Amino acid sequence: MFPSFPPGQKLLLLVAVTLILQHSTTVYGSGSSESINMARPGCPDKCGNVSIPYPFGTGKGCFQEPFNVTCHESRAYLASTGVRVLDINLTFGEVRVQNPNIASQCNYTNGTNSTSMVGLSLDPFHKVSNTKNKLISIGCSMLGMIVGLTKGKNQLELPIVNSCFSFCTDASSVDDTTECAGMGCCQSPFPGNISSFNTTSTPIPPIYNATIQSFSPCSYSFIAEVDSFKFDRSYVSSTNFRSKYTEGFPLVLDWVVGNASCSEATKMGSQYACQAMNSQCINVSNGPGYRCNCSQGYVGNPYLQGGCR
């Protein structure tokens with residue numbers, strides 16, 4: 001038997017049940033027509049297992065420049081740079097990609113050597129995240145460096161450099177943990193407002209001597225997402241680290257939908273990217289520009305009309 005309630009409590013229960021049912025059909029949809037579409041209408045919303053929300057898109061008319069995503073063999077790539085896309089986050093304005101660029105310098109005891117300085121150039125709407133990435137350098141008595149360009153006052157491009165020094169005197173002094181603490185591997189924060197950079201790895205004479213060269217002929221430097229790389233002491237003596245990690249390591253990019261500030265963008269009429277009702281403009285901290293979020297209490301895609309519910 002069901003318990004009996006006074007008339008006042010029955011009314012409150014009826015109101016509560018009605019509100020719960022309304023909430024479930026509004027947020028989760030009472031059918032496919034009510035679900036929130038994150039891609040532009042009529043456009044693919046996935047490439048393999050990667051969701052492609054607008055302003056990103058794959059195919060003509062499905063994206064806003066420069067957020068063209070190409071889909072090849074179920075893998076997504078940023079068309080502007082060719083890097084593989086792992087995940088796109090609208091709320092935080094981030095896109096995780098696979099960075100295959102590993103700089104190296106090898107000096108073999110037979111007198112031969114090889115050097116590779118590599119980097120990444122992005123379009124003006126993408127920046128390398130200065131909070132989610134680090135410079136990683138592997139080797140003994142070697143300097144790893146980021147050499148990038150940032151924009152100062154009057155939009156003048158200025159060079160910017162960050163570096164770290166990895167030191168070890170012999171094989172026994174190499175750190176035996178997974179952390180890059182300076183003995184065989186070092187790390188450094190990534191500077192802000194960077195759209196292009198090169199990484200280099202250089203032995204420091206006379207600290208780098210024949211003894212070190214005999215067990216650590218190569219050094220490596222690359223940019224990777226924080227905590228995505230675990231050090232192993234065998235990497236210090238490796239001559240094939242790059243071939244072992246041919247796809248590189250995850251890298252987080254910040255992106256903006258426009259290079260104006262929110263106060264400027266909201267005056268741009270139809271060019272204003274926050275198209276949904278109940279959306280808001282967000283000024284970014286990693287360089288100039290803005291992005292959009294649904295207002296508090298709403299979910300969906302703020303870049304599409306009717307996208308926030």
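In the block above lies the structure referred to throughout.
Every value quoted in this text rests on a predicted model; they were computed, and no experiment measured them. (Residues numbered from 1 in each chain as written. Predicted model: local features only at pLDDT ≥ 70, side-chain atom pairs only at ≥ 80, totals over all residues. Heavy atoms only, no water.)

Here we look at the sheet that holds strand E16 (residues 218-225)
Step number 1: Read from one edge to the other, the open sheet built from 5 strands follows the order E8-E7-E16-E11-E14, with strand pairing classed as antiparallel. Each of the sheet's edge strands pairs with one partner strand only, and the pair in question is strand E8 (113-116) and strand E14 (185-189). Ignoring strand direction, the axes of neighbouring strands in this sheet form an average angle of 15°.
Step number 2: Note that strand E7 (residues 103-107) and E16 share 4 bridges and pair antiparallel. Looking across to E16, one finds that Gln105 is bridged to Ser219. (Pairing = 2+ DSSP bridges. Helix = DSSP H or I, 4+ residues; strand = E, 2+ residues; numbered from the N terminus. Axes fitted to C-alpha atoms, helices over the stretch in contact; angles between N-to-C directions.)

Regarding the state of the cysteines
Step number 1: Counting across every chain of the model gives 9 disulfides.
Step number 2: Each sulfur of the disulfide joining Cys140 and Cys168 lies 1.6 Å from the other. Here Cys140 and Cys168 share a disulfide; its torsion about the S-S bond, -100°, makes the bridge left-handed. In this pair, Cys140 sits in the loop between strand E11 (133-138) and strand E12 (142-151) while Cys168 sits in the loop between strand E13 (157-166) and E14, placing the two residues 28 residues apart along the sequence. There is no split in this pair, since Cys140 and Cys168 are both buried.
Step number 3: Note on cysteine connectivity: Cys294 is disulfide-linked to Cys308, with sulfurs 2.1 Å apart. Handedness here is read from the sign of the S-S torsion; for Cys294 and Cys308, about -85°, the answer is left-handed. Remark: Cys308 occurs in the segment after strand E19 (290-294) and Cys294 occurs in strand E19; sequence separation between them is 14 residues. (Disulfide = S-S within 2.5 Å. Buried < 20%, exposed > 50% of the residue type's maximum accessible area, 1.4 Å probe, protein only.)

Section: the side chain of Asn293
Step number 1: By secondary structure assignment, the location of Asn293 is in strand E19.
Step number 2: Here Thr91 takes part through its backbone oxygen, which lies 3.4 Å from a polar atom of the side chain of Asn293. (Polar contact = N/O pair within 3.5 Å; in protein donor to acceptor, adjacent residues only side chain to side chain.)

Quick notes on the pairing of strand E17 (residues 249-255)
Step number 1: For E17, the buried fraction is high: 7 of the 7 residues fall into the buried class.
Step number 2: Two strands pair when backbone bridges link them, and strand E6 (residues 94-99) and E17 are joined in this way by 6 bridges, in the antiparallel orientation. Across the sheet, Glu94 pairs through a bridge with Asp254, a residue of E17.

Details of the environment of Gln271
Step number 1: Residue placement: Gln271 occurs in the loop between helix H4 (262-265) and strand E18 (279-283).
Step number 2: The sequence separation of Gln271 and Gly258 amounts to 13 residues, and the corresponding C-alpha distance is 9.5 Å.

Focus: the environment of Tyr108
Step number 1: Within the fold, Tyr108 resides in the loop between E7 and E8.
Step number 2: Spatially, the C-alpha atoms of Tyr108 and Ala210 are 9.9 Å apart, while their sequence positions differ by 102 residues.
Step number 3: Beyond its immediate stretch of four places on either side in the chain, Tyr108 contacts Asn113, Gln213, Pro217, Cys218 and Thr239. (Contact = heavy atoms within 4.5 Å.)

Spatial relationships are all this shows, so hold off on functional conclusions.
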